[in-house]
Amino acid sequence: MRKIFFVLGLLISLLVNAQPDFNIQVRVTDNQIEITDRSIFRRLENDIKTFISIQKWSLDKVLPAELFDLTIEIIPSAYNQTTGEITAVAMIQCRRPVFGTNYNTILLNFRDENFNFTYLDQQRFDYTDGQYGTEITGLLAFYCNYCLGLDYDSFGQESGTPYFNKAAQILSLAQAKSGGAGWTAFGRNLRTRYNLIDNILNERFKTIRLAYYIYHRKGMDVFQKKPLEARKQIFKAIEEVKKVYAIAPNTVMLLMFFDSKRDEIINIYKGATAIEKPKIVEILTEIDITNATKYEDILQEK
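Figured I'd write up the structure that's included with this text. Since the structure is predicted, the reported quantities are computational estimates derived from the model, not experimental observations.

### Description of the side chain of Arg 193
Examined against the element boundaries, Arg 193 turns out to sit in helix α5 (residues 193-200). You can call Arg 193 buried: its relative accessible area is 0%. The contacts of Arg 193, once residues within four sequence positions are left out, are Asp 112, Asn 114, Glu 135, Leu 139, Phe 142, Tyr 143, Leu 171, Ala 181, Gly 182 and Trp 183.

Below you can see the structure in the form of structure tokens.
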């Protein structure tokens, strides 16, 4: 009888631990690759989705309503059928639900220019915390942890640190074992995995993590019931972002924030009062100057 209860307990534990942390969507856009049989890319999509789904990434039990969306689009530019080497760009986007609504707000909308890895048919996607497996599992584990870090930061001030630390550990292992582009400090492109981690854990840019918390927990999550108060909090969040701009106007954290939030902020403040609109436009055009003309839409009559 004890054995029966033990087995039942083990099965329940396995089911709980197998509960996914993400609503995961994976797409390999392979139109740049000249190949007759494209089924290898469909299997890659399925293997990535399965790998992410069966891992327990977060430290907490995540309820179905709390799952947030993770979308990975891989765009290969070269594929070696013999070695399985793939040279690609990847678009990584994660969204989390806004309290009391059916709306999901973007936490990360990132273009990784060096999403390069090797994939062979029937390849195993083994992964263990604290160890470097393969380039593809390292890439996926890095972004799963990074997105979880942003998600936790959006609910509690600096609550995402354990996940950013995990992503930093993956980066360190990849530097030692792989040394591939995107993992290192050197490169012409600001949008690298190295810069994502370096910036998010850098004390100089700490206020942008506070901005994520204020923007989402005190702004977006109360927007449905208190839109005026929500916009005030979102403005405060952008003031925190401005502090980062004052010390490092070209940091990847600013690019990441506005790539994720620009359209949302414009839509939010289109419905603002006549007093709010010029104030938000002034601060946005100062710290996101290359997109200044887009913010002028806020000033249009609604």
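### Section: the pattern of salt bridges
Here the idea is simple: oppositely charged side chains can pair when their charged atoms come close. Taken as a whole and assessed by the stated rule, the structure comprises 22 salt bridges. For Arg 209, the salt bridge is made with Asp 153, and the minimal N-O distance between the two is 2.7 Å. Of the two residues, Arg 209 sits in helix α6 (residues 206-219) while Asp 153 sits in helix α3 (residues 135-155), which places them 56 residues apart along the sequence. Residue Arg 209 shares its accessibility class with Asp 153, and that shared class is buried. Three or more residues are tied together by salt bridges with common partners; here these are Asp 30, Arg 38, Arg 42 and Glu 45.

### Section: the packing of α3 against α5
For the pair α3 and α5, the least separation of the axes is 12 Å and the interaxial angle reads 30 degrees. Here α3 lies roughly parallel to α5, going by the angle between them. Of the two possible hands of crossing, α3 and α5 adopt the one that is left-handed. Contacts between α3 and α5 pair Glu 135, Leu 139, Phe 142, Tyr 143, Tyr 146 and Leu 150 from the former with Arg 193, Leu 196, Ile 197 and Ile 200 from the latter. Within the contact of α3 with α5, the residues separate by chemical class into 8 nonpolar, no polar and 2 charged.

### So, the packing of aromatic side chains
The final tally for this structure, using the stated rule, is 18 aromatic pairs. Pairing Phe 22 with Phe 68 gives two aromatic rings, centres 5.1 Å apart and planes at 70 degrees, and the pair type is edge-to-face. Within this pair, whereas Phe 22 is found in strand β1 (residues 22-28), its partner Phe 68 is found in strand β2 (residues 68-79), the two being separated by 46 residues in sequence. Using a relative accessible area of 1% as the deciding quantity, one classes Phe 68 as buried. Here the aromatic rings of Phe 115 and Phe 117 are separated by 5.9 Å at their centres, their planes lie at 85 degrees, and the arrangement is edge-to-face.

What counts and what doesn't
- Residues numbered from 1 in each chain as written.
- Predicted model: local features only at pLDDT ≥ 70, side-chain atom pairs only at ≥ 80, totals over all residues.
- Heavy atoms only, no water.
- Helix = DSSP H or I, 4+ residues; strand = E, 2+ residues; numbered from the N terminus.
- Buried < 20%, exposed > 50% of the residue type's maximum accessible area, 1.4 Å probe, protein only.
- Contact = heavy atoms within 4.5 Å.
- Salt bridge = Lys/Arg side-chain N within 4 Å of Asp/Glu carboxyl O.
- Axes fitted to C-alpha atoms, helices over the stretch in contact; angles between N-to-C directions.
- Parallel < 35°, antiparallel > 145°, perpendicular 65-115°, else oblique.
- Left-handed = near helix turned anticlockwise from the far one by under 90°.
- Nonpolar A, V, L, I, M, F, W, Y, C, P; charged D, E, K, R; others polar.
- Phe/Tyr/Trp six-rings, centres within 6.5 Å; stacked < 30°, edge-to-face > 60°.

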